[in-house]
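# Results of the structural survey
Letter by letter, the chains look like this.
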Amino acid sequence: SPELRADKEIVLEAVKRYGGALEFASMRLKGDREVVLAAVSNYGEWLQYASEFLQADKEIVLKAIETFGPCLQFVSQGVVRRQRRRSESSQTGRRSLAVGQRRA
């Protein structure tokens, strides 16, 4: 029932026993850090049912990876884009530094 899916105490106990129960939690609880952390501590694949905001939470993502490495496919796309930009920026910076060193 919608009432049970929105009851934090019940959902928290459910995801501690079986993280996949997160799929049936209310949207509010899919965005609750404590509930999602309990679910992904069980098995990282359950990250797919977390809110997009929590799919971008570093602690939650790291905990999910500990239990299921391929869960990276569920990480918020915003996190993936930011990480790519950082990586590209650092590579560009290294290339510029290397070019400058050759000229010196």
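This write-up is about the structure you can find in this document. (Residues numbered from 1 in each chain as written. Predicted model: local features only at pLDDT ≥ 70, side-chain atom pairs only at ≥ 80, totals over all residues. Heavy atoms only, no water.)

On to the nonpolar core. It is characteristic of soluble globular proteins that their nonpolar side chains tend to be buried jointly. Counting residues in hydrophobic clusters, the biggest one holds 21 residues, and the most contacted among them are Val15, Leu22, Val35, Val36, Val40, Leu47 and Ile60. At the level of elements, α2 (8–17), α4 (33–42) and α6 (58–67) are the ones that each hand at least two residues to this core. (Core = buried A, V, L, I, M, F, W, Y, C linked by side-chain atoms within 4.5 Å. Buried < 20%, exposed > 50% of the residue type's maximum accessible area, 1.4 Å probe, protein only. Helix = DSSP H or I, 4+ residues; strand = E, 2+ residues; numbered from the N terminus.)

Before going further, it helps to examine the pattern of salt bridges. Within this structure, the stated rule accounts for 6 salt bridges. Put simply, Glu59 and Arg33 hold a salt bridge, and the shortest N to O gap is 2.7 Å. Linking Glu59 in helix α6 with Arg33 in helix α4, this pair joins segments that are 26 residues apart in sequence. Assessed through its relative accessible area of 43%, Glu59 is described here as partly exposed. In the salt-bridge network here, residues are joined through shared partners; they are Lys8, Asp32 and Glu34. (Salt bridge = Lys/Arg side-chain N within 4 Å of Asp/Glu carboxyl O.)

A separate point is α4. Count 3.6 residues to each turn of an α-helix, and residues three or four apart come out pointing the same way. Residues of α4 that are buried include every one of Val35, Val36, Leu37, Ala38, Ala39 and Val40, and no others. Contacts from the buried residues of α4 go to α2, α3 (27–30), α5 (52–55) and α6. The N-terminus of α4 is capped by Asp32, whose side-chain oxygen sits 3.0 Å from the backbone nitrogen of Glu34. (Contact = heavy atoms within 4.5 Å. Polar contact = N/O pair within 3.5 Å; in protein donor to acceptor, adjacent residues only side chain to side chain.)

A word on the packing of aromatic side chains. Applying the stated rule across the entire model yields 3 aromatic pairs. Pairing Tyr43 with Trp46 gives two aromatic rings, centres 5.7 Å apart and planes at 70°, and the pair type is edge-to-face. For Trp46, a relative accessible area of 12% puts it in the buried group. Ring centres of Trp46 and Tyr49 lie 6.1 Å apart, and the angle between their planes is 20°; this geometry places the pair in the stacked category. Joined through ring pairs, the aromatic side chains of Tyr18, Tyr43, Trp46 and Tyr49 make up one cluster. (Phe/Tyr/Trp six-rings, centres within 6.5 Å; stacked < 30°, edge-to-face > 60°.)

So, about the packing of α2 against α4. Packed helices, taken two at a time, are described by the angle their axes make and the gap between the axes. Taken N-terminus to C-terminus, the directions of α2 and α4 make an angle of 15°; their axes are 7 Å apart at the nearest point. Here α4 runs roughly parallel to α2, going by the angle between their axes. Between α2 and α4 lies a crossing of left-handed hand. Across from Lys8, Val11, Leu12, Val15, Lys16 and Arg17 in α2, the residues of α4 making contact are Glu34, Val35, Ala38, Ala39 and Asn42. (Axes fitted to C-alpha atoms, helices over the stretch in contact; angles between N-to-C directions. Parallel < 35°, antiparallel > 145°, perpendicular 65-115°, else oblique. Left-handed = near helix turned anticlockwise from the far one by under 90°.)

Checked against the element boundaries, Tyr18 lands in the loop between α2 and α3. Sequence-wise, Tyr18 and Asn42 are 24 residues apart; in three dimensions their C-alpha atoms are separated by 7.0 Å. When near neighbours in sequence (up to four residues on either side) are disregarded, Tyr18 contacts Asn42 and Trp46.

Residue placement: Tyr49 occurs in the loop between α4 and α5. Considered as a pair, Tyr49 and Leu22 are 27 residues apart in the sequence and their alpha carbons are 6.2 Å apart. Sequence-distant contacts of Tyr49, that is, excluding residues within four places in its chain, are made with Leu22, Glu23 and Lys30. Within the structure, the side chain of Tyr49 is placed 3.5 Å from the side chain of Glu23, a separation counted as a polar contact.

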